[in-house]
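Here is how the chains run, residue by residue.
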Amino acid sequence: GSGSSSSSAEPPLFPDIVELNVGGQVYVTRRCTVVSVPDSLLWRMFTQQQPQELARDSKGRFFLDRDGFLFRYILDYLRDLQLVLPDYFPERSRLQREAEYFELPELVRRLGAPQQPGPGPPPSRRGVHKEGSLGDELLPLGYAEPEQQEGASAGAPSPTLELASRSPSGGAAGPLLTPSQSLDGSRRSGYITIGYRGSYTIGRDAQADAKFRRVARITVCGKTSLAKEVFGDTLNESRDPDRPPERYTSRYYLKFNFLEQAFDKLSESGFHMVACSSTGTCAFASSTDQSEDKIWTSYTEYVFCRE
């Protein structure tokens, strides 16, 4: 009798490393991570059920029909029970719905709490350029928020108003300037986005070394004048010749294939990285030893800003 009771109490035979397919996005993690919150949906799946009772995809991964992109934040929370989201996160309510589905009440509570503003420009000054580049709104330097205008007479003059009122002759104010311009025309603010497509293969054995492939091309998006200022003769303009300096382009690319070199040039020109995003796909291919290798292909973009 004691032997039968002890055998019924044995945990399900799940592997220590589990592969999850969440809405088409593949995640690899430890079983102890997905069961870190008792009584949650994942805890019940991987402690109270047998592996053969759970849905699988064609590759044998455990399948969950949920938002694969938002699941990364669910998994991050399960790792250390901390909630860390990017500034100005636009999908907070959708993530809260995912937390409710996975039965994580503490995460639901944190997502429902008022969001604390993070560092950076106030939301009222953020927008999208007409050309489609994310950044600050192109407001003239003479512009001031209403509360700044009302208090201007009581305190020190606003730097933007003072700058807009200057003229070479010291008289009446000259034309207002946008943030992409400077008084002497020597330095311009703005955004530059560089992107690249890369791929590598890795065997079924997780310990095998990845075989990286060379980055084929680094693309440059942004205002033509800024791109030429930063990259000079290393900028290949063959796909978009005769582009006016004040127009935007997404067809330039660099004549070299080293991301670090592009980062150095942007840093030397006063730019700093403000955002990064990446998308990827995974496929399987049979190698010479009849084993399946994973081929990962990704496209990554880095956004740089100079104020």
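For the structure itself, look to the data block above.
Residues numbered from 1 in each chain as written. Predicted model: local features only at pLDDT ≥ 70, side-chain atom pairs only at ≥ 80, totals over all residues. Heavy atoms only, no water.

Just to check I follow, could you spell out the overall build of the protein chain for this structure?
Each helix and strand in the protein chain was counted, giving 10 helices and 12 strands. Counting only residues that meet the buried cut, the protein chain has 34% of its 307 residues in that class. For the protein chain, the exposed area adds up to about 18900 Å²; of that, 51% sits on carbon and sulfur atoms. (Helix = DSSP H or I, 4+ residues; strand = E, 2+ residues; numbered from the N terminus. Buried < 20%, exposed > 50% of the residue type's maximum accessible area, 1.4 Å probe, protein only. Areas by Shrake-Rupley, 256 points an atom, 1.4 Å probe, with all protein chains shown as cover.)

Help me understand the nonpolar core, please; the structure alone is not making it clear to me.
Grouped together as the largest cluster of nonpolar side chains are 31 residues, with contacts concentrated most on L42, F46, F71 and I74. Residue assignment for this core shows that the elements contributing at least two residues are β1 (17-22), α3 (41-47), β3 (62-64), α4 (71-80), α5 (92-101) and α6 (105-112). Counting residues per element, this core draws most heavily on α4, at six residues. Excluding residues within four positions of it along the chain, F46 makes contact with F14, V18, L20, R31, V34, V35, L54 and F62. Counting 20 residues, the second largest nonpolar core, distinct from the first, contains V220, Y252, F256 and A262. (Core = buried A, V, L, I, M, F, W, Y, C linked by side-chain atoms within 4.5 Å. Contact = heavy atoms within 4.5 Å.)

What's the story with the pairing of strand β2 (residues 25-30) in this structure? I'm lost.
For a regular strand, side chains alternate in direction, first toward one face of the sheet and then toward the other. Two strands pair when backbone bridges link them, and β1 and β2 are joined in this way by six bridges, in the antiparallel orientation. Across the sheet, the residue bridging to I17 is R30, located in β2. Between the end of β1 and the start of β2, which pair antiparallel, lie two residues, with G23 showing a positive phi angle near 60 degrees. (Pairing = 2+ DSSP bridges.)

I tried to follow the pattern of salt bridges on my own but got confused; where do I start?
Close approach of charged atoms allows side chains of opposite charge to pair. Applying the stated rule across the entire model yields 13 salt bridges. Taking the shortest distance from any N to any O, the salt bridge between R94 and E91 comes out at 2.7 Å. In this structure R94 comes out as partly exposed when scored by relative accessible area, which is 34%. Take E91: its relative accessible area is 27%, and that puts it in the partly exposed class. (Salt bridge = Lys/Arg side-chain N within 4 Å of Asp/Glu carboxyl O.)

How should the packing of aromatic side chains be read in this particular structure?
Ring pairs (aromatic) are described by centroid distance and by the angle formed between their planes. For the structure on display, the rule yields 10 aromatic pairs. Ring plane angle 65 degrees and centroid distance 5.2 Å describe the contact between Y27 and F71, whose orientation is recorded as edge-to-face. Here the residue Y27 occupies a position in strand β2, and F71 occupies one in helix α4, the gap between them amounting to 44 residues. Ring centres of Y101 and F102 lie 5.2 Å apart, and the angle between their planes is 85 degrees; this geometry places the pair in the edge-to-face category. A relative accessible area of 2% means that F102 is categorised as buried. (Phe/Tyr/Trp six-rings, centres within 6.5 Å; stacked < 30°, edge-to-face > 60°.)

I keep staring at the pairing of β1 and nothing clicks. Help me out?
With three bridges joining them, β1 and β3 adopt parallel strand pairing. Pairing of N21 across the sheet is with F63, part of β3.

Would you mind showing me how to read the packing of α5 against α6 here?
The angle between the axes and the distance between the axes are what describe a pair of packed helices. Here α5 crosses α6 at 165 degrees, and the two axes come no closer than 8 Å. In this view, α5 runs roughly antiparallel relative to α6, as classed from their interaxial angle. Once α5 is placed against α6, the crossing between them reads as left-handed. For the pair formed by α5 and α6, the contact residues are R92, L95, Q96, A99 and E100 on the first element and L107, V108, R110, L111 and G112 on the second. Class assignment for the residues of the contact of α5 with α6 results in five nonpolar, two polar and three charged. (Axes fitted to C-alpha atoms, helices over the stretch in contact; angles between N-to-C directions. Parallel < 35°, antiparallel > 145°, perpendicular 65-115°, else oblique. Left-handed = near helix turned anticlockwise from the far one by under 90°. Nonpolar A, V, L, I, M, F, W, Y, C, P; charged D, E, K, R; others polar.)

Please clarify how the environment of R79 should be interpreted in this entry.
Turning to its location among the elements, R79 is positioned in helix α4. Within the local environment of R79, its side chain forms a polar contact with the side chain of D76, the two groups lying 2.7 Å apart. (Polar contact = N/O pair within 3.5 Å; in protein donor to acceptor, adjacent residues only side chain to side chain.)

Explain the environment of L83 here, please?
The residue L83 is located in the loop between α4 and α5 in this model. Owing to a relative accessible area of 25%, L83 belongs among the partly exposed residues under this scheme. Expressed as a C-alpha distance, the spacing of L83 and R110, which sit 27 residues apart in the sequence, is 7.7 Å. Ignoring anything within four residues of it in the chain, the contact list for L83 reads Y77, L107, R110 and L111.

Note that every value here comes from positions in space, so none of it alone points to a role or purpose.
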